[in-house]
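Here's the letter readout for the chains.
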Amino acid sequence: TVMCTRNPELCVAPENADRKIALNTLNKALIEHVNLETNQRINYRRDPVDTGIADRWRVAVTQGDCEDIALAKRQRLIELGFPAGAMRLAVGHIETGEGHAVLVLRTEAGDVILDNRQDDIVAWSDHDMRWSMIQSAQNPRRWLAV
């Protein structure tokens, strides 16, 4: 909610809400490049938890935590011409129990995950998270239980 208030352009319902990306050779290479390059370019830094400040979701950072990195990947893919309607953020818990956010791309071959913890894209069904919520494709301000 705070992210949408600060960055309303990120939370506009896309015209192409149910688009799927063709996972052809070129698109797959571009997606893999964005995932790897962003993982390497943005220094992972966990948000401080003891400051009393709510977790801030930021775009275009040089350092940040998982959702900041996921938002940077989303922004870069949109700049490359991929439809915003095929991208959603999802949150859950990793094996340590820590909360985690990733970018989900809807493709014609199934949903794939771009995660700052790994440089390869992974099928939704093969990812190791215990899923909690995902953004609605029709309304990015709304989150759905998984």
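So, here's what we can say about the structure.

Cut-offs and rules
- Residues numbered from 1 in each chain as written.
- Predicted model: local features only at pLDDT ≥ 70, side-chain atom pairs only at ≥ 80, totals over all residues.
- Heavy atoms only, no water.
- Helix = DSSP H or I, 4+ residues; strand = E, 2+ residues; numbered from the N terminus.
- Buried < 20%, exposed > 50% of the residue type's maximum accessible area, 1.4 Å probe, protein only.
- Contact = heavy atoms within 4.5 Å.
- Areas by Shrake-Rupley, 256 points an atom, 1.4 Å probe, with all protein chains shown as cover.
- Expected span 1.5 Å × (residues − 1).

**Quick word on the overall build of the protein**
Reasoning step 1: If you tally the helices and strands in the protein, you get 3 helices and 8 strands.
Reasoning step 2: Going from N to C terminus, the protein has its helices and strands arranged as α-α-β-β-α-β-β-β-β-β-β.
Reasoning step 3: Buried residues in the protein amount to 43% of all 146 residues.
Reasoning step 4: Across the protein, contacts joining residues at least 24 apart in sequence account for 51% of those joining residues at least 6 apart.
Reasoning step 5: As displayed, the protein has an accessible area near 8000 Å², and 49% of this comes from carbon and sulfur atoms.

**Considering helix H3 (residues 66-79)**
Reasoning step 1: With 14 residues, H3 extends 20 Å from end C-alpha to end C-alpha; this agrees with the ideal 20 Å at 1.5 Å per step.
Reasoning step 2: Here H3 lies mainly inside the structure; 10 of its 14 residues are buried.
Reasoning step 3: Among all positions in H3, only Cys-66, Glu-67, Asp-68, Ile-69, Ala-70, Leu-71, Ala-72, Lys-73, Arg-74 and Leu-77 are buried.
Reasoning step 4: One or two positions beyond H3, positive phi appears at Gly-81, with a value near 100°.

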